[in-house]
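Now for the letters of each chain:
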Protein chains: 2
Amino acid sequence: MLKDELLKVKIAQKDLELLSKDDRNKILSNIAIALNENKESILKSNEIDIKNAKASGLSNAMIERLTLNEKRINDLIESTNSLITLPDYVGQLIERIKRPNGLIIDKIMVPFGVIAIIFESRPNVSVDIASLCLKTANACVLKGGKEAINTNKELVRIMKNAIKDIVNPDVIYLVESTDRETTNELITLKNYIDLLIPRGSKGLINYVVSNAKIPYIETGAGNCHLYVEKEADLNMALNIAVNAKYQRPSVCNAIENILVDEDIAPSFLPMLYNKFKELNIEMRGCEKTLKYIDVLKATDEDFYTEYNDYIVSIKVVDGIKEAIEHINIHSTKHSETIITNNISQANKFLSLVDSACVYHNASTRFTDGGCFGFGAEIGISTQKLHARGPMGLKEIMSYKYKIYGNGEVR
Amino acid sequence: MLKDELLKVKIAQKDLELLSKDDRNKILSNIAIALNENKESILKSNEIDIKNAKASGLSNAMIERLTLNEKRINDLIESTNSLITLPDYVGQLIERIKRPNGLIIDKIMVPFGVIAIIFESRPNVSVDIASLCLKTANACVLKGGKEAINTNKELVRIMKNAIKDIVNPDVIYLVESTDRETTNELITLKNYIDLLIPRGSKGLINYVVSNAKIPYIETGAGNCHLYVEKEADLNMALNIAVNAKYQRPSVCNAIENILVDEDIAPSFLPMLYNKFKELNIEMRGCEKTLKYIDVLKATDEDFYTEYNDYIVSIKVVDGIKEAIEHINIHSTKHSETIITNNISQANKFLSLVDSACVYHNASTRFTDGGCFGFGAEIGISTQKLHARGPMGLKEIMSYKYKIYGNGEVR
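Notes on the structure in this doc start here. Quantities reported herein were computed from a predicted structural model and do not represent experimental measurements. (Residues numbered from 1 in each chain as written. Chains lettered and ligands numbered in written order. Predicted model: local features only at pLDDT ≥ 70, side-chain atom pairs only at ≥ 80, totals over all residues. Heavy atoms only, no water.)

Of note, the phi angle at K333 of chain A is positive, near 65 degrees, even though the residue is not glycine. Here K333 of chain A lies in the loop between α12 (320-330) and β12 (335-339). Located in the positive-phi region is N308 of chain B, a residue other than glycine, with phi close to 55 degrees. Relative to the elements of secondary structure, N308 of chain B occurs in the loop between β10 (296-297) and β11 (311-317). Assessed through its relative accessible area of 32%, N308 of chain B is described here as partly exposed. (Helix = DSSP H or I, 4+ residues; strand = E, 2+ residues; numbered from the N terminus. Buried < 20%, exposed > 50% of the residue type's maximum accessible area, 1.4 Å probe, protein only.)

Ranked by size, the top nonpolar core spans 184 residues in total, and within it L6 of chain A together with L6 of chain B carry the most contacts. Discounting residues that sit within four places of it in the chain, L6 of chain A has contacts with V141, Y173, L186, L189, Y192 and I193 of chain A. (Core = buried A, V, L, I, M, F, W, Y, C linked by side-chain atoms within 4.5 Å. Contact = heavy atoms within 4.5 Å.)

In this section: helix α1 (residues 2-18) of chain B. End to end, α1 of chain B covers 25 Å across 17 residues, agreeing with the expected 24 Å (1.5 Å per residue, within 8%). For α1 of chain B, the set of buried residues is L2, L6, V9, A12, Q13, K14, L16 and E17 of chain B. (Expected span 1.5 Å × (residues − 1).)

Moving on: the interface of chain B and chain A. Each partner contributes to the interface: chain B provides 75 residues, whereas chain A provides 75 residues. Interface area, chain B with chain A, both sides summed: about 6,400 Å², of which 52% is carbon and sulfur. Run the count over chain B and chain A and you get six salt bridges. Between K190 of chain B and E218 of chain A there is a salt bridge whose closest N-O contact spans 2.7 Å. Per-element accounting of the side of chain B that touches chain A gives the leading share, eleven residues, to strand β16 (residues 397-408) of chain B. Of the residues belonging to the side of chain B that touches chain A, the class tally is 34 nonpolar, 21 polar and 20 charged. Summarising the sheet, strand β13 (residues 357-362) of chain A and β16 of chain B pair through five bridges and their orientation is parallel. (Buried area = accessible area lost by both parts, 1.4 Å probe. Salt bridge = Lys/Arg side-chain N within 4 Å of Asp/Glu carboxyl O. Nonpolar A, V, L, I, M, F, W, Y, C, P; charged D, E, K, R; others polar. Pairing = 2+ DSSP bridges.)

A few words on the pattern of salt bridges. One pass over the structure, following the stated rule, counts 48 salt bridges over all chains. A salt bridge links D194 of chain B to K384 of chain A, with the shortest nitrogen-to-oxygen separation between them at 3.0 Å. Within this pair, whereas D194 of chain B is found in the loop between α8 (180-186) and β6 (195-198), its partner K384 of chain A is found in the loop between β14 (379-381) and β15 (389-391), the two belonging to separate chains. Neither D194 of chain B nor K384 of chain A differs from the other in exposure class; each is buried. For E325 of chain B, the salt bridge goes to K321 of chain B, with nearest N and O atoms at 3.1 Å. Linking E325 of chain B with K321 of chain B, this pair stays in helix α12 (residues 320-330), spanning four residues, or about one helical turn.

All names here are of chain B. Taking 1.5 Å of rise per residue, the 17 residues of helix α2 (residues 21-37) would be expected to cover 24 Å, and the 25 Å separating its terminal C-alpha atoms lies within 8% of that figure. Along α2, the residues classified as buried are R24, N25, I27, L28, N30, I31, A32, A34 and L35. Looking at the buried positions of α2, the neighbouring elements they touch are α1, α3 (39-55), α5 (70-84), α6 (124-135) and α7 (149-163).

Before going further, it helps to examine the relation of the copies chain B and chain A. The operation relating chain B to chain A is a screw motion whose rotation component is 180 degrees, with 0.0 Å of axial translation and a residual RMSD of 0.0 Å. Expressed as an axis order, the relation between the two copies is that of a two-fold axis. No C-alpha of chain B approaches the rotation axis more nearly than that of H386 of chain B, which lies at 1.8 Å. Same-surface contact between copies: 100% of interface residues of chain B are shared with the interface of chain A. (Least-squares fit on C-alpha atoms with pLDDT ≥ 70 in both.)

Take the packing of helix α2 (residues 21-37) of chain A against helix α7 (residues 149-163) of chain A next. Residues and elements named next belong to chain A. At a minimum axis separation of 8 Å, α2 and α7 run at an interaxial angle of 130 degrees. By the angle between their directions, the pair α2 and α7 is classed as oblique. The crossing of α2 and α7 is right-handed. Taken together, the residues of α7 that come into contact with α2 (itself represented by I27, N30, I31, A34 and L35) are L155, I158, M159, A162 and I163. Tallied by class, residues from the contact of α2 with α7 come to nine nonpolar, one polar and no charged. (Axes fitted to C-alpha atoms, helices over the stretch in contact; angles between N-to-C directions. Parallel < 35°, antiparallel > 145°, perpendicular 65-115°, else oblique. Left-handed = near helix turned anticlockwise from the far one by under 90°.)

Nothing here speaks to function; it is all geometry.
Structure follows, in C-alpha cells:
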C-alpha cells in the first residue's frame, strides 16, 4: 500500500529534522562519495533503460535526456557537494515578537516535511532533488518516468545505502510503480505529503494542477518576452535577443517572443532579420511585422506558444502600453525583459508586467538559481503563492510559531 | 459573463497598485466615513436578510451570525480605520542581491493581484476583507452566502461609491449569484484570480480544497490540543484548560482535546472533572480516563472532531512520545499547547508537534492576528505553503524580482 510506505517516510522525516547541521552535511558528502564509487553500476542500469527506450521507439531527444555518462554523474557529485557549503536554515529564527502580555512568539524556519516530486525522463533529477530535500530536512518522495526506472532505482538504492548509518533511509522513497493510477493516488494523499512539485513537460504540469488535492508549486512554463522599446540601444537589443533565443532554446528562460516598438521597427527589424536568418532561427511575424521583413505570418496561437526551439514570434506594438498588455495576457509569468535607455519607461515595465522576473537591459536567461546566487534550485515557480522565480533552499521550507508563556490566558 | 466582470477587476487592480500609500489610506478612511453615514441603509438591508432567514427556517445561531447592529457596524468602522496606521508593504524592498556580473536583483513585495474570498453567513466579512485587500493593493472578489446577499450588496455599493473618486471601483467585486455553479466556475478561473481563500465551515473549505484549480489557502480548521505533561503546574494547567475550552468554544483556536500524562492523571483528572462539571462542559474520555473520572466514553471519531461547543475529549497518555504522535495524527495543524515546568520536554513538544502555532505554558486562544500584533487578519492558515497561522497584511502579498542590467548576456 502506497499509504503505508508514505507513513514510514513521514515518520523518518522527523529523525532527519532532529539531526545536527553537521550530520545533514555528512549525509550529502556520503551520497557524493557513494555516487563516485558506484559509477559503473549506475551506468549499467542506465544502459538497460536506454536499450528499452530504443526498443520502444522513444525519440532521440528523449533518449538524450535519459542518458547518463561519466560527465553527468560528476556533475551530480559536484552539485551534491556544493550544497554542503550553503547555509542550513533548519530551525533558524526569522523573527521574535514580544507581546505586552509577556508572551514571546518566535517565528522559526522549518522543513515542509514530505516533498513529492513528479518528474519525467531525466534520472539526474532523483539525486538533485534528494540532495536539496535532505539539506533542508525534508523527506522526499520521487516519482520518475517509466523510461528511467532502472536508473532511478539504482540511484535511490545507492543514496539510501550511503545515508543509512546516519539517518533512517526511509527519508528517500522512490515510487516504483510508474503508472498513471499511482500518480493519481499520490497527488491526493494530503495527510502524507506536504508539498508537491511537478517537474517536466507542460502536459505533466497541467495534469498535476488539474488533479492535485494537495498543495503544489507550478514550475517551469516559460513563454518569455523581449520588448525593444523605442529608446533602446539597438545593438544591445540584438545582442540580448540572440542570447535569449539562441544560446539554449530548450530551456524555460529562453525567449519565445520579441515585441518591437513601431517607431524603431523600420531600423530594428531588418537588423534582427539578418542576424536570425544567419543563425537559422525561424521568424513568425504579426501583420505589421510583415511590412518590414519577409517572414512567416504568426497566428494568434503562436503568441501563446513556448517553442523551446529555434523559432520566434515577432510583434510590432504601438508603445509600452500595448507591450505590457500583450505580455500580461500571453505570458506564463516567468521572465520578461525591456531594452531601453529611458529609465521611466523601464520602471513602468518592471512595475506593471506581472511576471516573476522582470529585467531591464539584460537577458532573461539569468532566471536560474545559480545565476541568482542561490547555489541550486528545485525549479522556477510561475505561481505567486509561496515562492516566485528560482526556488533555492529557503523556498522549500515553511515556518512555524513557537510561543513561550508563563500561564497566560485570554 | 463572470469572466468579463473579472477581467475588469484584474485591470482595475493595476490602478490600485500604482496609487500612493496615502491614496490607499484615503480609500480606507473614505470607506469608514461612508459606513458611518449609511448605517441606516445597512441595517435596513440586513433586516430583509434576517426576515428571509427566519421565513426559511434558518437556525438561531445562523441568524445571530447574519445580524448586524450599530455596535457591529462601529466595529467594522474601527477595524477599517485601524489599518490606516499599519505599514504599507506595496513595493517594499525585501532583499537586494548584487551579482559579480553586474546585475542587480531586487526582491520586491507586490500584491497577489486579485484575491477571491468565499464566505458564509457573516456579512461583516465583506468589509473586513475588502479593507485588508485595498490596503495591500489587491483587488477583491467577494462571494458571500445567499442568506446575506442583501446586506452584502448594500455594503459593497457603499464601499464602491466611497472609493470611486480615488480609484476604479471595479477593485471590489461582489459575485451576486450565490448558487453552487457560480462557485464552481469561480474556483477554476486561473487567469483571473491569483489567490482563493475560503472562510467558513469545514464543508465549505473541503469543497474548495477538493475542487479548486487555482492556488488557495486553507484556513480555520481547529482541532486543537492541550497536553498536561507530568511536571506541569496543575493549577496553571487547569486555568489554561478552562480558558482554552470555555472562554469562547465556537472559535478555531479553542481546544477540543486534553491529553493527560498517566503519572498525574490520578491528581489532575478529578480537579478537571470538578471544574468542568461546574461549568457544564461535557467530557468524553478514553478507556484509561474512565478509571479516574465518571464521564462518557470517547469514540475514535471524537478525537478527530472539532466540537466548537462545550464538549471536550480527554485521553490519558503514557508520556510525551504518545502525546506528540496522537496530536500529529489527529490535529488539523492549527494550535497546540504543552503545560510543563520541564524545559527540555517543552522544547521537544514545540519542535516535534507539526502545527502552525505550538505553545508552552499558555492558552491556544492567542492564535489570532490581533494577539500576535498583526493588527488584523484574513484568516488562520492550516497549510504550510506560503503562510502558516494568523495571516496579516504581509501574508496576502507575494513578491517579484526586478533585475537591472547593462546589456548582460549569458
